[in-house]
Amino acid sequence: MKILLLLALLTVSELASARLSPEVITNTAREIDQQLLSALKKQDHAPQQVADEATFLRRSYLGIIGRIPTHEEAKKFLDSGSRDKKRELIEKLVSSSAMNSRLFNFWADLYRVESKREIHGTGWQLWLQEAVSKNIPYNEMVYQMLAAKGHTAENPAVGYYLRDRGMLLDNISNTAQIFHGQQIGCAQCHDHPFDEHTQMEYYELAAFLGHTEYKFQKGNTRLRALIDESMPTARKNHHRKRRMKRKMREFRTLFRYHNRNAIADSTKQALKLPQDYQYKDGKPGEEIAPRTFYGKEIKKTPLPERREAFASWATDPDHPYFTKVIANRLWAYVFGFGLIPTLDDFSDIENSPYLELLTTLEQAMKASDYNVKEYLRILYHTGLFSRYTSPEETQPGFSFAFTGPALRRLDAEELRDSFITLQEGNIDENRNDSLKEGWRSYVDSYHFIMSVNLDELTEINQLALNGQMKDRAAVRKLSKIKKELKKAQALGKTRLAQKLTRKLKKIQLTKYEEREANPSETLATKAQAALSRRIRSVRSKRQLRNLRSSELLSPFDGGSILQEFGASDRKTPDSGKTIATVPQ
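Residues numbered from 1 in each chain as written. Predicted model: local features only at pLDDT ≥ 70, side-chain atom pairs only at ≥ 80, totals over all residues. Heavy atoms only, no water.

Both the distance between ring centres and the angle between the ring planes are used here to describe each pair of aromatic rings. All told, the structure shown has 28 aromatic pairs when counted by the stated rule. Aromatic pair Trp107 and Tyr138: ring centres 5.5 Å apart, planes at 20°, arrangement stacked. Here Trp107 is found in helix H7 (residues 98-111), whereas its partner Tyr138 is found in helix H9 (residues 138-146), with 31 residues between them in sequence. Grouping aromatic residues by their ring pairs yields a cluster made of Phe106, Trp107, Tyr111, Trp124, Tyr138, Tyr160, Tyr161, Phe179, Phe322, Tyr333 and Tyr370. Taking the ring centre of Phe77 as reference, the NZ or CZ of Lys85 above it sits at 4.8 Å. (Phe/Tyr/Trp six-rings, centres within 6.5 Å; stacked < 30°, edge-to-face > 60°. Helix = DSSP H or I, 4+ residues; strand = E, 2+ residues; numbered from the N terminus. Lys NZ or Arg CZ within 6 Å of the ring centre and 35° of its normal.)

Following the sequence through the fold, Ser60 ends up in helix H4 (residues 53-65). The class of Ser60 is buried, set by a relative accessible area of 0%. Not counting residues up to four positions away in its chain, the partners in contact with Ser60 are Ile65, Leu89, Leu93 and Phe385. (Buried < 20%, exposed > 50% of the residue type's maximum accessible area, 1.4 Å probe, protein only. Contact = heavy atoms within 4.5 Å.)

What follows is about the confidence of the model for the protein. Of the residues in the protein, 90% have a pLDDT of 70 or more, and the chain-wide mean is 88. Across residues 3-17, confidence stays below pLDDT 50; counting only partners more than four residues off in sequence or on other chains, it has 30 contacts. (pLDDT = per-residue confidence, 0-100.)

Helix H18 (residues 372-380) packs onto H7 with a crossing angle of 105° between their chain directions and a minimal axis gap of 13 Å. For the element pair H7 / H18, the angle class is roughly perpendicular. Judged by residue contacts, Met99, Asn100, Arg102, Leu103 and Trp107 of H7 engage Val372, Lys373, Leu376 and Tyr380 from H18. Here the residues of the contact of H7 with H18 are counted per class, giving 6 nonpolar, 1 polar and 2 charged. (Axes fitted to C-alpha atoms, helices over the stretch in contact; angles between N-to-C directions. Parallel < 35°, antiparallel > 145°, perpendicular 65-115°, else oblique. Nonpolar A, V, L, I, M, F, W, Y, C, P; charged D, E, K, R; others polar.)

A few words now on the pattern of salt bridges. Summed over the entire model, instances satisfying the criterion amount to 28 salt bridges. Of the charged contacts, one joins Lys324 and Glu362 as a salt bridge, the two residues approaching to 3.1 Å between their closest N and O atoms. Placement of the pair is Lys324 in helix H16 (residues 322-335) and Glu362 in helix H17 (residues 355-367), with a sequence separation of 38 residues. We classify Glu362 as buried; its relative accessible area is 9%. Taken together, the shared-partner salt bridges in this structure form one network comprising Arg67, Glu73, Arg416, Asp417, Asp428 and Arg548. (Salt bridge = Lys/Arg side-chain N within 4 Å of Asp/Glu carboxyl O.)

In space, the 3 strands of this open sheet follow the order S1-S3-S2, with antiparallel pairing throughout. Where the open sheet ends on each side, the last strands, each with one partner, are strand S1 (150-151) and strand S2 (212-213). Of the strand pairs in this sheet, S2 and strand S3 (residues 262-265) are connected by 2 bridges, and their pairing is antiparallel. Bridge pairing in S3 links Thr212 to Asp265. (Pairing = 2+ DSSP bridges.)

A word on the nonpolar core. Ranked by internal contacts, the top residues of the largest apolar core, which has 103 residues, are Trp107, Tyr111, Tyr138, Phe179, Trp331, Tyr380 and Phe402. Looking at this core, the element that brings in the most residues is H7, giving 9 residues. Excluding its chain neighbours within four sequence positions, the residues that come into contact with Phe402 are Leu36, Leu40, Trp331, Phe335, Phe337, Gly338, Leu339, Tyr354 and Leu384. Core analysis: the next-biggest nonpolar cluster, separate from the first, contains 34 residues, Met244, Phe448, Met450 and Leu457 among them. (Core = buried A, V, L, I, M, F, W, Y, C linked by side-chain atoms within 4.5 Å.)

Attention shifts here to H7. Under the 1.5 Å per step criterion, the end-to-end length of H7 is 21 Å for 14 residues, consistent within 8% with the ideal 20 Å. Counting buried positions along H7 yields 14 of 14 residues, so the element is predominantly enclosed. Directly beyond the C-terminal end of H7, a positive phi value near 65° is found at Arg112. (Expected span 1.5 Å × (residues − 1).)

Between its first and last C-alpha, helix H11 (residues 168-180) extends 17 Å over 13 residues, near the 18 Å set by a 1.5 Å rise per residue. With 12 of its 13 residues buried, H11 lies for the most part within the structure. Looking only at H11, the buried set comprises Leu168, Leu169, Asn171, Ile172, Ser173, Asn174, Thr175, Ala176, Gln177, Ile178, Phe179 and His180. Looking at the packing, one finds that the buried side of H11 touches H7, H9, helix H10 (159-162), helix H12 (199-206), helix H15 (306-314) and H16. Of the residues flanking the end of H11, it is Gly181, one or two places downstream, whose phi is positive at about 60°.

Here the amide bond leading from Ser554 into Pro555 is cis, since omega sits at 0°, within 30 degrees of zero. As for its position among the elements, Pro555 is in the loop between helix H24 (541-544) and helix H25 (561-564). Notably, Arg570 is not glycine yet its phi reads approximately 65°, a positive angle. For Arg570, the position within the fold is in the segment after H25. Accessibility expressed as a relative area gives 2% for Arg570, which makes it buried.

Let us now look at the environment of Asp411. Looking at the element boundaries, Asp411 is found in the loop between H18 and helix H19 (412-424). According to the relative accessible area criterion, Asp411 is partly exposed, its value standing at 24%. In terms of polar contacts, Asp411 uses its side chain to reach the backbone amide nitrogen of Glu413, at 3.2 Å. (Polar contact = N/O pair within 3.5 Å; in protein donor to acceptor, adjacent residues only side chain to side chain.)

A cluster of nonpolar side chains, namely Phe419, Leu422 and Ile561, defines an oily patch on the protein surface of about 300 Å² accessible area. Within the fold, Phe419 resides in helix H19. Residue Phe419 is classed as partly exposed on the basis of its relative accessible area of 45%. (Patch = residues over 30% accessible without salt bridge, like charges linked within 9 Å, V, L, I, M, F, W, Y side chains within 5 Å. Areas by Shrake-Rupley, 256 points an atom, 1.4 Å probe, with all protein chains shown as cover.)

One way to put it is that helix H3 (residues 22-42) packs onto H18 with a least axis distance of 8 Å and a crossing angle of 60°. Compared by their axis directions, H3 and H18 come out oblique. The handedness of the crossing between H3 and H18 comes out as right-handed. Listed contacts from H18 to Ile25, Thr28, Ala29 and Ile32 of H3 are Glu374, Arg377, Ile378 and Leu379. (Left-handed = near helix turned anticlockwise from the far one by under 90°.)

Laid out in structure tokens, this is it:
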């Protein structure tokens, strides 16, 4: 029986919100197993034996929620006399909030989420965590990111583009790689040497977003309106414009970080070919019109609709790669290796022995309305998930015989979270509330600034200027003391070093006390969060140790167990490593 027939009893809306019935799960998982066994038989391979209960227990906890079981959890499963205990365990783990932790780590690594350096990154991380918690359909989640614009306080999904601020062409390359399995990066500078992609095609695709402007347009519009209302009507228009520009410049300090946290569509901006363009199909510096070169052809799109048109094209269920790529990525997420071994390159998959199975997985993803958790639930109930691992070693770029799941090392997050489980027990429900509170404070502060009148805005701006000057003076003073302290330590002057250390701590404490002493009702305090560049968690390092890795800011600190054991540096998609190193 085919997947689409198995799921025909449920409507699309029901599939998005409801769990699939046990019958649908069983029959779909059975069909996947049958197609896999058929493919293995053609390769002259036999499946591994069903794993023992302890192995299955460990695999289920690590593979579904990203940590080992506690002693109590392991004992409860192993002592259970239920004949259906394996299915019951999978259902329990898939239904738990702990599943969100490992799944979030997967998305954050793939999308290169950086939440530590900029406010927009923090907002994007919290938005992504909520999307996973609410189980937003995959195609909808991706559409929201690709169609996003505005300020991060109003639309945190804009973090996807702000992650590559000023690097539009690189962002296009990553988008094609992540969502479509297309390696088009080489065509950014020249015609692709191995594929048919041309530099012109690359620029045509990027032109859908070529009007992107990293500018806080809403704030500028409001500020301009407030200033305009306060100005007397000028006799000559150019005098009025001059005064407007001068007045706008006075507020640069107030909005200095907001341009870093917003994007807008500019009618005055367009993508042009580089000045060294050397091919005959275009001229250097020529403005480029948007057009897709794989999947459904889209061109001649009006400027206001280009971002949404690009997002709709990229996430179209009929797109030749969109569904296949995520179905394959999630297969690798569960079984350690992809049916198509090159997760980021679907340019040549015709020789894969698993094309029929990949088509079935694609149908299952579409029929479940891109419900990722239900799709994973199907894979966890397959016979393959319960078998011993394959003795065959995986080879990058080469097909793998799935006689059992691929043997793999624990990734950094699984390792850290398992150690903490051994020490603290179950910490799945612990949340980084201080981070969420900091984000809420930022959003409230942003809306406050956007609601005040010009006099209040002027006062806030002056307070920001004064604070900036005070901070700079404090930084210079601290820098001088740190240099003296370093010199004293190098010369072995212990007493002087201790004196300088006390002096350093006193200045830092005074700065903190002054910040805390501001009354909550003052303009400065209400606006403070919106004037900052980043959000800092107020939790201590000890408190952070009781959180799952998914609750921490990233990239992770250098020297930490996460960094040393190969956690993603968030520079390139899916860059986490499990290779053994000397520091480990």
